[in-house]
Amino acid sequence: MNHPLPEAFLSRIQNESFPGLQLIQALDTPSPVSVRFHPKKQKPDFEIRGQVSWCEAAVYLNERPQYVFDPLFHAGAYYPQEAGSMVLDSVLRQLNLATEPKVLDLCAAPGGKSTLIASFLDNKGMLVANEVIQQRARILKENLTKWGYSNTVVTNNDPEDFQRLPQFFDLMVVDAPCSGEGMFRKDPAARDEWSDDNVRLCAGRQKRIVMDVWDALVPGGIMVYSTCTFNSSENEENVLWFIKELGAELVPIELHEPIMKGRNGVGFYCIPGITESEGFYIAVLQKPDETLIRQRNTRKSEFRAQKDALDCGKYADLSEYDLINWNEKLLALPKNYTDSMLHVQAQMRLQKLGTMVGDTSRKGIIPNEELALNPFLNRYKERIELTKEQALHYLRGDTFPLSGEHGYQLVTFQNVPLGWIKHLGNRFNNLYTKEWRIRKQF
Ligand code: SAM
């Protein structure tokens, strides 16, 4: 075998009897394939093997589809996600949260948990999805744009930058970078990168990350802490350290077998061989109540673009949104959160803010891809349904003969919008976002 399990890891599992030898055996079996569906878009016609019992919107598939050649994947109709991570769905549904919570997903790329949180919020509250590595923040932006919710902001900041937003978030998800023991099956290269030293390094970094963002949580706010590793230093010991150093309390959560309780009942595990998933650890903490500092939102009314709202009405249903003019780009922000979103924008390095409806130009609005993919805002009626072959060519950036009216048209596959074209009569300009185009040959 090319990637043997690290000796020190094997002996720890054998000596500690946690999480058990079934894990070792399971690491050489195939990984289960699972996807989570978008609640508001067309479901693909997959061969489903079963339901993921801890996440209603998710299923196991008989085999791994070639996602890149499925137009519905590009349209954000589903998200391929490892099933263990979806335990977050069960956890979120048990929390006693504000009705419209402000949520931070701190270590968010590529966006598995962020898309899950966006579905859970169902357009209520707001989500700041952050990723410290710029290249990964771009992928996060792409995935959240395709998921199509306007109450999202994507930032590219270091955790300590969130100290500029004291007592701002009701809920934080810290899916911390870790030593990745839970990925030993799906990603054999993780075996080569593992070492005891790296476990220690990760545990220290996780402490620093949580310390750095703790002030940004409101008093009584909730932090979900997770990793995809099995050792106690990065999991239970860290959680106990947060309790001791930060005065946090462990929030009781109910998760049923085959999800396992952590050592001494601290948190929960998904374990390959026991749970039908890769490895995952999750625990929930609450910040003690303390005096709430009055929030000061920077209200930026000068950004509001009332005069363009009329032109945009043809493309987007803006009744519950503010239209903001941002460097000649028109952004729709949900009315209730405009001020909070602009406050985040003023403090952080932004990748995405709400939904970009279009660009202003002398000839009127040029509709944007972000609007095409947003099932709540997009109301454009002039649509052209594509065959699968045409859809794949469109997603490659090609043009081809296509009948239709002059002007902007929305192209769809199985009635799910993919993006825009500008029809010129017997040919069209393909407006699909250049960086997202399929490069693989079919
Ligand atoms: N939550 C993501 C999802 O569900 O798709 C997976 C996140 S992954 C486990 C951890 C992320 O933390 C990576 O994207 C990594 O770039 C980021 N990261 C690495 N070092 C970090 C640091 N010092 N502070 C914050 N995030 C960091």
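Further up the page is the structure itself.
Residues numbered from 1 in each chain as written. Predicted model: local features only at pLDDT ≥ 70, side-chain atom pairs only at ≥ 80, totals over all residues. Heavy atoms only, no water.

Trainee: Could you give an account of the sheet that holds strand 15 (residues 329-334), naming the residues involved and the relevant values?
Mentor: With antiparallel pairing, the four strands of this open sheet are ordered in space as 14-15-17-18. The open sheet has two edge strands with one neighbour each: strand 14 (321-326) and strand 18 (364-367). Within this sheet the neighbouring strands show an average axis-to-axis angle of 35°, counted without direction. (Pairing = 2+ DSSP bridges. Helix = DSSP H or I, 4+ residues; strand = E, 2+ residues; numbered from the N terminus. Axes fitted to C-alpha atoms, helices over the stretch in contact; angles between N-to-C directions.)

Trainee: With reference to specific residues and values, describe helix 1 (residues 7-16).
Mentor: Listing the buried residues of helix 1 in full gives Phe9, Leu10, Arg12 and Ile13. Buried residues of helix 1 fall within an arc of 160° about the axis and therefore sit on the same side. Seen from the open side of helix 1, the exposed residues pointing more than 90 degrees away from its buried face are Glu7 and Asn15. In the stretch just after helix 1, Ser17 is the one whose phi turns positive, near 60°. (Buried < 20%, exposed > 50% of the residue type's maximum accessible area, 1.4 Å probe, protein only. Arc of directions from axis to C-beta.)

Trainee: With reference to specific residues and values, describe the pattern of salt bridges.
Mentor: Once the charged atoms of two side chains with opposite charge are near each other, the side chains can pair. Following the criterion strictly, the structure yields 18 salt bridges and no others. Between Lys146 and Glu142 there is a salt bridge; the shortest N-O distance is 2.8 Å. On the criterion of helical spacing, the pair formed by Lys146 and Glu142 is a turn pair, its members being four residues apart in helix 6 (residues 134-147). You can call Lys146 buried: its relative accessible area is 6%. One network of salt bridges, in which partners are shared, links Glu16, Glu236 and Arg263. (Salt bridge = Lys/Arg side-chain N within 4 Å of Asp/Glu carboxyl O.)

Trainee: Tell me about the nonpolar core, and name the residues and values.
Mentor: With 54 residues, the main nonpolar core has Phe9, Phe162, Phe169 and Val174 as its most contacted residues. Ranked by residue count, the leading element in this core is helix 8 (residues 196-213), at four residues. Contacts of Val174, omitting those with residues within four sequence positions, involve Leu106, Cys107, Ile209, Val210, Met223, Val224, Tyr225 and Ser226. Among the nonpolar cores identified, the runner-up in size contains 35 residues, and Val52, Leu92, Ile259 and Phe280 belong to it. (Core = buried A, V, L, I, M, F, W, Y, C linked by side-chain atoms within 4.5 Å. Contact = heavy atoms within 4.5 Å.)

Trainee: Let's hear about helix 11 (residues 338-347): which residues, and what values?
Mentor: The buried fraction of helix 11 amounts to eight of the 10 residues, a majority that puts the element mostly inside the structure. For helix 11, every residue scored as buried is listed here: Thr338, Asp339, Ser340, Met341, Leu342, His343, Val344 and Gln345.

Trainee: Can you break down the sheet that holds strand 19 (residues 383-385) residue by residue, with the values?
Mentor: Strand-to-strand pairing in sheets goes through backbone hydrogen bonds, with the strands running parallel or antiparallel. If you walk across this open sheet you meet the four strands as 19-20-21-22, and the pairing is mixed. The two strands at the open ends of the sheet, each matched to only one other strand, are strand 19 and strand 22 (428-430). Here the strands of the sheet are splayed against their neighbours by 40° on average, with no regard to which way each runs. Where strand 19 meets strand 20 (residues 407-413), three bridges bridge the pair, whose relative direction is parallel. The residue of strand 20 that forms the bridge with Ile384 is Val411. Helix-sheet contacts for helix 13 (residues 388-396) involve strand 19, strand 20, strand 21 (416-423) and strand 22, and the interaxial angle to strand 21 is about 70°.

Trainee: Requested: an account of the site of the ligand, with residues and values cited.
Mentor: Among the 17 residues in the neighbourhood of the ligand, the closest are listed as Gly112, Lys113, Glu131, Arg136 and Asp175. For the ligand, whose free accessible area comes to 600 Å², the fraction covered by protein is 81%. Sorting the residues of the shell around the ligand by element identifies helix 5 (112-121) and helix 8 as the ones contributing at least two each. Tallied by class, the residues present in the shell around the ligand amount to 10 nonpolar, two polar and five charged. (Near = heavy atom within 4 Å. Areas by Shrake-Rupley, 256 points an atom, 1.4 Å probe, with all protein chains shown as cover. Nonpolar A, V, L, I, M, F, W, Y, C, P; charged D, E, K, R; others polar.)

Trainee: Break down the packing of aromatic side chains for me, citing the residues and quoting the values.
Mentor: By the definition in use, this model includes 20 aromatic pairs. Ring plane angle 65° and centroid distance 5.2 Å describe the contact between Phe18 and Tyr269, whose orientation is recorded as edge-to-face. On the criterion of sequence distance, the pair formed by Phe18 in the loop between helix 1 and helix 2 (21-26) and Tyr269 in strand 12 (residues 268-270) is long-range, its members being 251 residues apart. Between Phe168 and Phe169 the ring centres are 5.0 Å apart and the planes differ by 80°, which places this aromatic pair in the edge-to-face class. The pair formed by Phe168 and Phe169 is uniform in burial state, with each residue classed as buried. Just above the ring of Trp436 sits the side chain of Lys146; from NZ or CZ to the centre is 4.9 Å. (Phe/Tyr/Trp six-rings, centres within 6.5 Å; stacked < 30°, edge-to-face > 60°. Lys NZ or Arg CZ within 6 Å of the ring centre and 35° of its normal.)

Such coordinate-based values are descriptive only and should not be taken to indicate function.
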